[in-house]
Amino acid sequence: MGVLQQSMRVIWEKIAQDTQHDYACSVSYVQLYNEILTDLLDEKKGRVRIQMGNEGRGDVVLVAESTGVVVGRSVSDYESTMATFREGMKRKEMDHTSMNNTSSRSHTIFTFYIKKSTKVSQVKVDVGESETTSIALEGRLVLCDLAGSERVSKTHAEGKTLNEATHINGSLLVLGKVVAALTEKNSQHAPFRESKLTRILQYSLLGNGNTSLVVNISPSDDNTEESLSAVYFGQRAIQIKQDAKRHEVLDYKALYTQLMAELDAKNDGTLADALQEERDVYEDRIAGLQEQVQTLTDENGLLKQENTALRAGVSPEKVAAAVANVDGGSGNWAEVNAHLREMIQARDEKINTINDERVRLAMLLSQEKRTCFQLAHKMQAVSLQYMVERKGLVKRLDELAAELAAAKGTDYLSAVGNFSPADGRHRRRRRVAALPGGRDAGRA
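Cut-off values and rules
- Residues numbered from 1 in each chain as written.
- Predicted model: local features only at pLDDT ≥ 70, side-chain atom pairs only at ≥ 80, totals over all residues.
- Heavy atoms only, no water.
- UniProt positions renumbered as here; feature names shortened; annotations may be inferred.
- Helix = DSSP H or I, 4+ residues; strand = E, 2+ residues; numbered from the N terminus.
- Buried < 20%, exposed > 50% of the residue type's maximum accessible area, 1.4 Å probe, protein only.
- Contact = heavy atoms within 4.5 Å.
- Areas by Shrake-Rupley, 256 points an atom, 1.4 Å probe, with all protein chains shown as cover.
- Salt bridge = Lys/Arg side-chain N within 4 Å of Asp/Glu carboxyl O.
- Core = buried A, V, L, I, M, F, W, Y, C linked by side-chain atoms within 4.5 Å.
- 1 Å grid on protein atoms, 1.4 Å probe; cavity = no way out; pocket = protein on both sides within 12 Å on 5 of 7 lines; lining within 4 Å.
- Points joined across faces, edges and corners; volume = space filled by probe spheres on them.
- Nonpolar A, V, L, I, M, F, W, Y, C, P; charged D, E, K, R; others polar.

If you look the protein chain up in an unreviewed UniProt entry, it shows as Kinesin-like protein from Strigomonas culicis. Looking at the protein chain in UniProt, the text filed under Subcellular location (unreviewed entry) is "Cytoplasm". In UniProt, the protein chain has this text filed under Sequence similarities (unreviewed entry): "Belongs to the TRAFAC class myosin-kinesin ATPase superfamily. Kinesin family."

Across its full length, the protein chain holds twelve helices and twelve strands. Going through the 444 residues of the protein chain one by one, you find that 24% of them count as buried. Pairs at least 24 residues apart make up 63% of the contacts formed inside the protein chain by residues separated by at least 6 positions. When the accessible surface of the protein chain is split by element, carbon and sulfur atoms take 54% of a total near 31,500 Å².

What the rule picks out here adds up to eight salt bridges. Among the ionic pairs, Arg91 bridges to Glu87, the shortest N-O distance being 3.3 Å. The exposure class assigned to Glu87 is partly exposed, which follows from its relative accessible area of 25%. What emerges from the salt-bridge pattern is a single network uniting Arg73, Glu87 and Arg91.

All right, on to the nonpolar core then. Core analysis: the largest hydrophobic core is formed by 24 residues, its most contacted members being Val30, Leu37, Leu62 and Leu205. Contributing elements (two or more residues each) for this core: strand 1 (21–33), strand 3 (48–52), strand 4 (60–64), helix 4 (160–183), helix 5 (196–205) and helix 6 (224–237). Ranked by residue count, the leading element in this core is helix 4, at five residues. Membership of the second largest hydrophobic core comes to 15 residues, among which are Met8, Ile15, Val27 and Phe85.

This paragraph deals with empty space enclosed by the protein. Scanning all chains against the criterion turns up two cavities of 30 Å³ or more. For the largest cavity, the calculated volume is near 110 Å³. Contributing to the lining of the largest cavity are Val60, Leu62, Ile109, Thr111, Tyr113, Arg140, Val142, Ile200, Tyr203 and Ser204. Within the residue set of the lining of the largest cavity, elements represented by two or more residues are strand 4, strand 8 (107–118), strand 9 (135–145) and helix 5. Its residues assigned to classes, the lining of the largest cavity shows seven nonpolar, two polar and one charged. Lining the second largest cavity, in full, are Leu32, Tyr33, Asn34, Glu35, Arg105, Ser106, His107, Glu164, His167, Ile168 and Ser171. When residues of the lining of the second largest cavity are assigned to their parent elements, the largest contribution, four residues, is made by helix 4.

In structure tokens:
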């Protein structure tokens, strides 16, 4: 707790003193309990999934298992950071054992993320600075609180506590194997994936940043073996080679502003020339329009002069004579106007009458066409019915002829002749010799 408070206070003091850059800070707080990773900043302690980060080299990202969103919370100052840490501490799994009344039953990882970028308002057009203004720096402070290794023979753990101790010792064993593999020269593989704890700490253990390890030992003589084992572990860990690097990322906001500023600087002359050319074109068009306006004004003046001349050329006697010829020579302008209005009104009434008659005739024509259409349909139906009945009668007549022929023999067929379906009449071919007992036979 003291280490975290001191680190956060130093970080926020430096951020407050730097007025040339913008900072974005956030924190995440997770715990590994029985190899299950949960979010301590979530009231429901939702599960967390580990994903590979963008930087490679063991970089991981912690996301919520239910939503896939990166876990964490934005902070703006020292007070909000420590308040978030204390909120997560309340949800941490803790219990009492025979060796410790406040024993941590899980590993917890508190991560402070920080991003430093150039203020957008201060981005200037400079060839020397164009490569650096669009670069932002990212960093993280990872504080991992490891639960202590426990011997069941001393803690007398049973049931739930025994299960917790098994997972704690298992993850610490994998951590020891990873440290041993990183410090041995001939080792070709470090088993980071055997435990979620080592997967989260992989980015720090691979030497991508400065890593510090605090080993706590007990002053009791009864815990000499445990203390010695912890010291050996610390000695191996300090042999890990570290090569801290600047974590530079692209600041898209600053890059956009920088590119726009450079584009404006390069296009100042071109844009001015283009605007001047466009202005010249509009000035030419304005001059042409002004000439057209002047021409139309001159033509209007000429027309006015001609109109005045024409009016001046008509004598009052001609005007009086024209008025006298209207309405029997009364010579009264009021009567002339009234007469013209009556003529116009009579013409309008005549036009309206003609229009009404035209509409009436159009409606009548429409009705006649509808009647003719209905009669045509009816005639077509009657004709079809007649054709059907005629075909039936012809068929029936043929059947009757066949029955008579079967009843009276072939002599009868020659006597009755043929029936022509074309005109619906029987044509008899009289053969005198074929009608025994007839009138012609008696004559013979």
